[in-house]
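Coordinate analysis (summary)
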Amino acid sequence: MPVSKGKALALWGLIVASGALAQDLNLANIDAAMERGLQWVVSQRLDKGGFQSGYSSRLGLTGLGLLTLIKCGVPPEQPVIVEGFDSIRTRNYDLTYDVAVSILAFEALYTPSKMMKKSKDKSQMGMSAKVYALLCPKRDRKIVQKAIDFLIQNQSADGGWRYPGDGSDNSCTQYALLALKGALRTGHKVPTALFIKACERLLKVQEEKGPQVTWFDVPAADGPIDEYLKPSNRRDSYDAMTTEERPKTHIGREDPNQIHARGFGYGEPTEINASMTAAGLASLIICKSELETRKEASAWWMENGDKVNWAIRDAAGWLAKNFAVDKNIGGTSNRWNQYYLYGLERA
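This is a predicted model, so every value here is computed, not measured.

1. Topic: the pattern of salt bridges
Oppositely charged side chains may form a pair once their charged atoms are brought near each other. A complete count under the given rule lists 12 salt bridges for this structure. One salt bridge connects Arg162 with Asp169, and the closest N-O pair in it is separated by 2.6 Å. A residue is classified by how much of its surface remains accessible, and Arg162, at 24% relative accessible area, is partly exposed. Accessibility expressed as a relative area gives 0% for Asp169, which makes it buried. Residue Arg313 is joined to Asp222 by a salt bridge in which the shortest nitrogen-to-oxygen separation is 2.7 Å. Taken as a pair, Arg313 in helix α15 (residues 298-321) and Asp222 in helix α11 (residues 219-222) lie far apart in primary sequence, 91 residues in all. Note on Asp222: relative accessible area 0%, which makes it buried.

2. Notes on the nonpolar core
Among the nonpolar cores identified, the biggest contains 87 residues, and Ile81, Phe85, Leu151, Trp161, Phe195, Leu291 and Ile312 are the most heavily contacted of them. Per-element accounting of this core gives the leading share, 11 residues, to helix α5 (residues 96-110).

3. Let's talk about the side chain of Gln258
Note on placement: Gln258 falls in the loop between α13 (235-240) and β2 (259-260). Looking at Gln258, the relative accessible area reads 18%, which means it is buried. A distance of 3.5 Å separates the side chain of Gln258 from the side chain of Gln212, its partner in a polar contact. Within the structure, Gln258 has its side chain in polar contact with the side chain of His260 (distance 2.7 Å).

4. A few points about helix α10 (residues 192-205)
Its 14 residues give α10 an end-to-end C-alpha distance of 21 Å, which sits within 8% of 20 Å, the value for a rise of 1.5 Å per residue. Every buried residue of α10 is accounted for by Thr192, Leu194, Phe195, Ile196, Ala198, Cys199, Arg201, Leu202 and Val205. The inward-facing, buried residues of α10 contact α8 (138-153), α9 (170-185), α14 (274-291) and α15.

Definitions and cut-offs
- Residues numbered from 1 in each chain as written.
- Predicted model: local features only at pLDDT ≥ 70, side-chain atom pairs only at ≥ 80, totals over all residues.
- Heavy atoms only, no water.
- Salt bridge = Lys/Arg side-chain N within 4 Å of Asp/Glu carboxyl O.
- Buried < 20%, exposed > 50% of the residue type's maximum accessible area, 1.4 Å probe, protein only.
- Helix = DSSP H or I, 4+ residues; strand = E, 2+ residues; numbered from the N terminus.
- Core = buried A, V, L, I, M, F, W, Y, C linked by side-chain atoms within 4.5 Å.
- Polar contact = N/O pair within 3.5 Å; in protein donor to acceptor, adjacent residues only side chain to side chain.
- Expected span 1.5 Å × (residues − 1).
- Contact = heavy atoms within 4.5 Å.

This is the structure in structure tokens:
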């Protein structure tokens, strides 16, 4: 089951576990490492279609296993996929991680890359929604909507998410926002107030100060995100632009040439580490992508847009200053290194 370069992101954490980073990173080594990782995922499948890890067989593990297999090109008609989703449909939706990953798995199932490429819609959101509406049966749309409702109803008072439980943390918050953005791509609705609350919390829990970092372009902070999602403005085109040609946001800090490395911790801005900074950065970008374009958020964005852009720029600055792929800088254990790499790719 050969795995192409374009599918590498879904199993990036498994590449590390497979030892590929200790070798020359050529396509053959990457494909071989991913193939080993893919076979390991399949080996974790249970008799009833779910997936396990160690002694756990939570809903989220099945969702994560299915998401990985689909992104790596396993055909949806294969028994491992069919039986896996049969398992998901019968499970309780009561934990943030589990619910979020399940939404992402359903999105992947009903927005196959082959059909997305054939779509004539020029926006990713438009393509996903049309393909999803065509393929997703009412039964599964109801399940996904139930999962979305769970996340909306379990947003904490401070704007983040927990397992659920009191308070919030940047890990659960990241997964909730990743899933809700996926839900929006497929045409489901998510209220504007949710993103405002989430963004306000993220601004509060980021470090207040940090060391200066040499200036570099941060596309997600330098201009409207929708502009960079257009085919004509994606990474290759952006790199070809001169500094003057690249769209810029209004700069609100006294010295516009400074980036200050400001990271995130698990909850409050203590014990700052790479995995949580990547989580915070991805979460900020998701919130920005919604709030800068929604009419009902225009007044809020007018007042807070500069803060959000600087928060994005400074979080990217922290990751640049502390960049590594072989360890979770700032973390107490390398136990979370694969989790960090997954979050880094999201950011």
